[in-house]
Amino acid sequence: MATVSKAKENILKKIRKALSNPVPLPFPASEGTTSVYRKPAEDDAIIFAEEFTKLQGNFAFCINEQELKQQVALLAKERGWTKLYCREKKFQQLFHLPPGEDLAGCDVSITGCEYLVARTGSIVMSAAEQSGRTSSV
């Protein structure tokens, strides 16, 4: 049988005593299950578009893939983009882009993202996506 040292026994005695006399919470109103974030009045997509635009981003809401193709084609024509870079197969197929273009020699890059953050208008890019952060620089 293992012996318990005097110092260890004193510490355990103090812990038992503290547990038997609980101290009330200093700020009971701060504890709870209610969310600290208020429910937004607008849809998250609208909030994201507004915040993204405040950051000088250009936002175009597309109902479906056909509208997305039209918006990208119009944007490419307006800006004079002829060489598009894309590593993601779903976008290569959608926009009929050849695989393996050189990023440095392209006018623009098309990539997915992991998340859109409505409250801040931020786009989260990470290594979880097929392009990773390769085309976000």
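This text follows the structure it describes.
First things first, this report covers the structure right here in the doc. Just so you know, these numbers come straight off a predicted model, no measurement behind them.

**Re the overall build of the protein chain**
Part 1: What the protein chain contains, in helices and strands, is 4 helices and 4 strands.
Part 2: Start at the N end of the protein chain and walk to the C end: the helices and strands fall as α-α-α-β-α-β-β-β.
Part 3: In the protein chain, which comprises 137 residues, the proportion classed as buried is 19%.
Part 4: Partitioning the intrachain contacts of the protein chain with sequence separation of at least 6 by distance along the chain shows that 46% fall at a separation of at least 24.

**Describing a nonpolar patch on the surface**
Part 1: A surface patch of nonpolar side chains, about 470 Å² in accessible area, is lined by Val4, Ile11, Leu12, Ile15 and Leu19.
Part 2: Residue placement: isoleucine 11 occurs in helix α1 (residues 6-20).
Part 3: The exposed category is assigned to isoleucine 11, whose relative accessible area is 52%.

**Concerning the pattern of salt bridges**
Part 1: Under the definition given, this model contains 2 salt bridges.
Part 2: With a closest N to O distance of 3.6 Å, glutamate 9 and arginine 16 form a salt bridge.
Part 3: We classify glutamate 9 as partly exposed; its relative accessible area is 30%.
Part 4: The salt bridge involving lysine 54 is made with glutamate 51; its shortest N-O contact spans 3.1 Å. Taken as a pair, lysine 54 and glutamate 51 lie in helix α2 (residues 44-54) at a separation of 3 residues, close to a single helical turn.

**Looking at the nonpolar core**
Part 1: If you look at the biggest cluster of nonpolar residues, it comprises 8 residues: Leu84, Cys86, Phe91, Leu94, Phe95, Leu97, Val108 and Ile110.
Part 2: Take this core: its biggest share by element is 3 residues, from helix α4 (residues 89-95).
Part 3: Other than its neighbours up to four places away in sequence, cysteine 86 contacts Phe91, Gln92, Leu97 and Ile110.

**Description of the packing of aromatic side chains**
Part 1: Tallying each qualifying case throughout the model produces 3 aromatic pairs.
Part 2: The interplanar angle of 15° and the centroid separation of 5.3 Å between the aromatic rings of phenylalanine 48 and phenylalanine 52 together place this pair among those described as stacked. Of the two residues, phenylalanine 48 and phenylalanine 52 both sit in helix α2, 4 residues apart, roughly one turn of that helix. You'll find phenylalanine 48 and phenylalanine 52 in the same group, each marked buried.
Part 3: Consider the rings of phenylalanine 48 and phenylalanine 59, whose centres lie 5.9 Å apart with planes at 65°: the pair is edge-to-face. With phenylalanine 48 in helix α2 and phenylalanine 59 in the loop between α2 and α3 (65-79), the pair connects residues that are 11 residues apart, well separated along the chain.
Part 4: For phenylalanine 59, a relative accessible area of 35% corresponds to the partly exposed category.

Conventions and cut-offs
- Sequence positions are assigned chain by chain, starting from 1 and proceeding in written order.
- At least 70 in pLDDT is required for a residue's local features to be given in this predicted model, at least 80 for side-chain atom pairs to be given and counted, and no such filter applies to totals for whole chains, interfaces and linings, which use all residues.
- No hydrogens and no water enter the side-chain calculation; it runs on all heavy atoms of the structure.
- Counting from the N terminus, the helices are the DSSP runs of H or I reaching at least four residues and the strands are the DSSP runs of E reaching at least two.
- To sort residues, take the accessible area from a 1.4 Å probe on protein chains only and compare it with the maximum for the residue type: under 20% means buried, over 50% means exposed, and anything in between is partly exposed.
- Contacts: residue pairs with any heavy atoms within 4.5 Å of one another.
- A patch is a set of surface residues, each over 30% in relative accessible area and not in a salt bridge, joined within 9 Å for like charges and within 5 Å for the nonpolar side chains Val, Leu, Ile, Met, Phe, Trp and Tyr.
- Residue exposure ignores everything except the shown protein chains as possible cover, and the areas themselves are Shrake-Rupley values with a 1.4 Å probe.
- Salt bridge, as applied in this entry: a Lys or Arg side-chain nitrogen positioned within 4 Å of an Asp or Glu carboxyl oxygen.
- Residues enter a nonpolar core if they are buried and are Ala, Val, Leu, Ile, Met, Phe, Trp, Tyr or Cys, with the set joined through side-chain atoms within 4.5 Å.
- For this analysis, a ring pair means two rings from Phe, Tyr or Trp (six-membered ring only for Trp) whose centres lie within 6.5 Å, classed as stacked if their planes differ by under 30 degrees, edge-to-face if by over 60, and tilted for the remaining angles.

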